[in-house]
Amino acid sequence: MKSKAYLEEIRKSAGLERAILKEIVVEGNRATFRLITDKTYTDGDVKYAAEVSRKFVPDGFTADANVMKSVPESAAVARYIRDYLTKKYPVVSAFFEEGDIAVSAGAGGGHFVISMSKDEQSRFRRAEITDELAKELSLRFCGAWSGELLTRERGEFELKEEEEPQEYVLTSRFFPIVDYIPIDGAKPERAIYIADLNSEAQDITVCGSVVYAEERTGKNDKPYFSFTVSDGTGQLRTAYFSKKATIEKVRKIKRGDVICLTGNNEIYNGGLSFSARKVDFGMPPKNFEPQPRPSLPVPVRYKKVLPVSITDFEQSDMFGKASLPDDLVNRDFVVFDLETTGLNNSEAGGMMDHIIEIGAVRIRGGKVTEKFSSFVACPVKISDEITKITGIDGSMLVGAPEVGDVMSDFYKFSDGAALVGHNVQFDIKFVRHYAGIGGYRFEHRLYDTLSFSQQVLRLSNYKLNTVADYFGFKFNHHRAFDDAYVTAKIFIELARMNQGLPRF
């Protein structure tokens, strides 16, 4: 349902001319549209609202309307203004405090005042921001709205810098391999955590559950296998070229089996790549739990990037679809994406590339509820190639928060959630590196919509735009928030189709 078209028709009725849509409640095949108005309304207005609502539900559904009269609360309006400015002007909004936004609300609307420094005002195009906000408030709250900007000295509300966090020395973690059954006969005794596979190594073994397995044909029609394995700390995708003596045994490996891959972690095309030479059966010890690394505690408050509440108004998605599985609804997930200056996500490959934008959303109760988005200050020049791909140039990063502050805020935003991404292993290495410098260890459970798509769908390829096209999702590719948002929608739909999350 298009909320804008719906409200345009609803507001043709005299008692509903400034009405807003609070929510749609679906019970079985009946939908109740709950409207709020600041004007006196009649039974005729309610009847009219019900008739309009019936036009916006699918065939087979009935609709009703519930109309309530309400006066907006000043505090709620102030929160909405702050969230809106954080979304539209993330760099400037980092300097807002609760007292910088004052609202006077009444039955017919209200007036708002925003206090800020001269430097921040210059970014807002003073002549337009109040009109823009007034228009937004008229869509969200009842009545007519107006506003103004007041000047304060920047020092009155400058954020204080916190003490430099303690740094930790990272060492690779290993676990013993049990229940070994040979295929190639590598005989590994221990496996490195996939999350710690960040440097060059020879004859190293990873051990995990098979998330994806496929036999393919290479040059000269020679068969090889593509495996994706997970050990709970991360996922690893690798190609394996089998031997004639063992190919039939390898062909029997299926999703859910636990295998050991032994090979080399080497620099390839400027980045680290694991090349599997041998495969065997084996597994971690019973009841194995990954050993966490020491980390700073979750920050008490956000430094620079404030999350904002969001709602997906494409309400038609809620009609006629299977229910969401419990393991999705009963947990929180943070779906994220990065834009970077390049593809080098490991110091072993030379100088690390830099994060220039981060976008994330939180899924709670099976719904997208919050947004986290920010540019990131970059110490190097943005190449023309990256600008062409992402649309981001150096001028857009002027005044952006430093990567350490962004990672601190992202650590707080991700608290208590599993992390989700499309090819998540690529982005999480950037996050772990730059967050780790400040003492924050991202040991969250990881879900990859790329491998999840491979399990559930049958497509020609599993690029983000290909999977999004399958579900009919349109988005601005190669911008962090847009990619994260569409990945969240894909993750929800895959869980719905699979009736559960992938098992590692």
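Rules of the game
Residues numbered from 1 in each chain as written. Predicted model: local features only at pLDDT ≥ 70, side-chain atom pairs only at ≥ 80, totals over all residues. Heavy atoms only, no water. Buried < 20%, exposed > 50% of the residue type's maximum accessible area, 1.4 Å probe, protein only. Helix = DSSP H or I, 4+ residues; strand = E, 2+ residues; numbered from the N terminus. Contact = heavy atoms within 4.5 Å. Axes fitted to C-alpha atoms, helices over the stretch in contact; angles between N-to-C directions. Left-handed = near helix turned anticlockwise from the far one by under 90°. Nonpolar A, V, L, I, M, F, W, Y, C, P; charged D, E, K, R; others polar. Expected span 1.5 Å × (residues − 1). Arc of directions from axis to C-beta. Core = buried A, V, L, I, M, F, W, Y, C linked by side-chain atoms within 4.5 Å. Pairing = 2+ DSSP bridges. Salt bridge = Lys/Arg side-chain N within 4 Å of Asp/Glu carboxyl O.

Colleague: Go over helix 10 (residues 403-413), please, and point to the residues and values.
Modeller: Owing to its 3.6 residues per turn, the α-helix aligns residues three or four sequence positions apart on the same side. Counting buried residues in helix 10 gives 8 out of 11 residues, a clear majority hidden from the surface. When we look at burial in helix 10, the residues that qualify are Asp 405, Val 406, Met 407, Ser 408, Asp 409, Phe 410, Tyr 411 and Phe 413. For helix 10, the elements touching its buried residues are strand 16 (332-340), strand 17 (355-364), strand 18 (367-375), strand 19 (418-421) and helix 11 (424-437).

Colleague: With reference to specific residues and values, describe the packing of helix 12 (residues 449-456) against helix 14 (residues 480-498).
Modeller: Running from N to C, helix 12 and helix 14 cross one another at 35°; their axes reach a closest spacing of 10 Å. Relative to helix 14, the crossing made by helix 12 is left-handed. Here Thr 449, Phe 452, Ser 453 and Val 456 of helix 12 lie close against helix 14, whose contacting residues are Thr 487, Ile 490, Phe 491, Leu 494, Ala 495, Met 497 and Asn 498. Considered class by class, the residues forming the contact of helix 12 with helix 14 number 7 nonpolar, 4 polar and no charged.

Colleague: Explain helix 2 (residues 43-55) residue by residue, including any values.
Modeller: Counted at 1.5 Å a residue, the expected span for helix 2 with its 13 residues is 18 Å, and the 19 Å between its end C-alpha atoms agrees. The complete set of buried residues in helix 2 reads Asp 45, Ala 49, Ala 50, Val 52 and Ser 53. For helix 2, the angular spread of buried residues about the axis comes to 165°, placing them on one side. Turned more than 90 degrees from where helix 2 packs its buried face, Asp 43, Lys 47 and Lys 55 sit exposed.

Colleague: Quick rundown of the environment of Glu 8? Include the residues and the values.
Modeller: Its location among the elements puts Glu 8 in helix 1 (residues 3-10). Considered as a pair, Glu 8 and Ala 19 are 11 residues apart in the sequence and their alpha carbons are 9.7 Å apart.

Colleague: Please provide a residue-by-residue account of the nonpolar core, values included.
Modeller: Ranked by internal contacts, the top residues of the largest apolar core, which has 30 residues, are Phe 333, Val 361, Ile 363, Val 368, Ile 490 and Phe 491. Not counting residues within four places of it along the chain, the set of residues in contact with Phe 333 comprises Asp 327, Leu 328, Val 361, Arg 362, Ile 363, Ala 417, Ala 418, Val 420, Tyr 447, Phe 491 and Leu 501. Counting 28 residues, the second largest nonpolar core, distinct from the first, contains Ile 355, Ala 360, Ile 428 and Phe 442.

Colleague: I'd like a rundown of the sheet that holds strand 17, residues and numbers included.
Modeller: Read across the sheet, 6 strands follow the order 15-18-17-16-19-20 without closing on themselves; strand pairing throughout is mixed. Strand pairing shows two members of the sheet lacking a second neighbour, strand 15 (308-309) and strand 20 (446-448), which therefore form its edges. Bridge count for strand 16 against strand 19 is 3 bridges, and the pairing is parallel. Its bridge partner being in strand 19, Phe 333 is matched across the sheet by Ala 418. Each of strand 16, strand 17, strand 18, strand 19 and strand 20 touches helix 14; the most contacted strand, strand 17, lies at about 30° to it.

Colleague: Go over the pairing of strand 16, please, and point to the residues and values.
Modeller: Of all 9 residues in strand 16, 9 are buried; the element is thus mostly enclosed. Taking every second residue as pointing to the same face, both faces of strand 16 are buried, with Asp 332, Val 334, Phe 336, Leu 338 and Thr 340 on one and Phe 333, Val 335, Asp 337 and Glu 339 on the other. When strand 16 meets strand 17, the two strands line up antiparallel, connected through 9 bridges. Each bridged residue has a counterpart across the sheet, and for Leu 338 the counterpart in strand 17 is Ile 358.

Colleague: Can you lay out unusual backbone geometry for me, pointing to particular residues and giving the numbers?
Modeller: Unusually for a residue other than glycine, Lys 187 sits at a positive phi of about 55°. Note on placement: Lys 187 falls in the loop between strand 8 (178-181) and strand 9 (190-192). With a phi close to 70°, His 478 is a non-glycine residue in the positive phi region. With a relative accessible area of 32%, His 478 lands in the partly exposed category.

Colleague: Tell me about the pattern of salt bridges, residues and numbers included.
Modeller: Note that side chains of opposite charge can pair when their charged atoms are close. A full pass over the atoms with the stated rule returns 16 salt bridges. Lys 243 serves as the salt-bridge partner of Asp 184, at 3.8 Å between the closest nitrogen and oxygen. On the criterion of sequence distance, the pair formed by Asp 184 in the loop between strand 8 and strand 9 and Lys 243 in the loop between strand 12 (235-240) and helix 7 (247-251) is long-range, its members being 59 residues apart. Put simply, Glu 214 and Arg 216 hold a salt bridge, and the shortest N to O gap is 3.1 Å. Given a relative accessible area of 31%, Glu 214 falls into the partly exposed group. Judged by relative accessible area, Arg 216 falls into the partly exposed class, the value being 32%. Sharing partners across several salt bridges, the network here consists of Asp 332, Arg 362, Arg 364 and Glu 370.

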